[in-house]
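# Coordinate inspection notes
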Amino acid sequence: MTKLAQWLWALALLGSAWAALTVGALGLELPSPCREVLWPLPAYLLVAAGCYALGTVGYRVATFHDCEDAALELQNHIQEARADLRRRGLRF
């Protein structure tokens, strides 16, 4: 099962549980404060997921490691390529 399928199954399970509780299909009499929190719960979860995603991206950007050895190797390759092109008659 792919990760997408797992997320879709979890979303369908949570969505059906939320719908069953808000519509009253289970026959449960929820107290008024619970019903007031239950209706906007998907919006709260969406905002929380967005904040988590934004925080994760920010953390990954802040802790990104530079590859100095690879950068030096790439610069050497560029210099070698320029020297080769100069030998072949190309001017920069």
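It should be emphasised that the depicted structure is a prediction, and the values quoted were computed from it without experimental measurement.

### A short note on the environment of Leu4
- Checked against the element boundaries, Leu4 lands in helix α1 (residues 3-23).
- Given the relative accessible area of 59%, Leu4 is considered exposed.
- Residues Leu4 and Gly24, spaced 20 residues apart in sequence, show a C-alpha to C-alpha distance of 30 Å.

### Describing the UniProt feature "transmembrane region" (unreviewed entry) in the protein
- This chain's UniProt record puts "transmembrane region" (unreviewed entry) on residues 43-62.
- Secondary structure across residues 43-62 comprises 100% helix and 0% strand; the distance between its end C-alpha atoms is 28 Å.

### Comments concerning the pattern of salt bridges
- Enumeration according to the criterion identifies two salt bridges in this entry.
- Notably, a salt bridge pairs Arg87 with Asp84, separated by 3.6 Å at the nearest N-O pair. With Arg87 and Asp84 both in helix α4 (residues 68-87), this residue pair falls three residues apart, about one helical turn.
- Measuring nitrogen to oxygen at the nearest pair gives 3.4 Å for the salt bridge that ties Asp84 to Arg88.
- Assessed through its relative accessible area of 25%, Asp84 is described here as partly exposed.

Rules and cut-offs
- Residues numbered from 1 in each chain as written.
- Predicted model: local features only at pLDDT ≥ 70, side-chain atom pairs only at ≥ 80, totals over all residues.
- Heavy atoms only, no water.
- Helix = DSSP H or I, 4+ residues; strand = E, 2+ residues; numbered from the N terminus.
- Buried < 20%, exposed > 50% of the residue type's maximum accessible area, 1.4 Å probe, protein only.
- UniProt positions renumbered as here; feature names shortened; annotations may be inferred.
- Salt bridge = Lys/Arg side-chain N within 4 Å of Asp/Glu carboxyl O.

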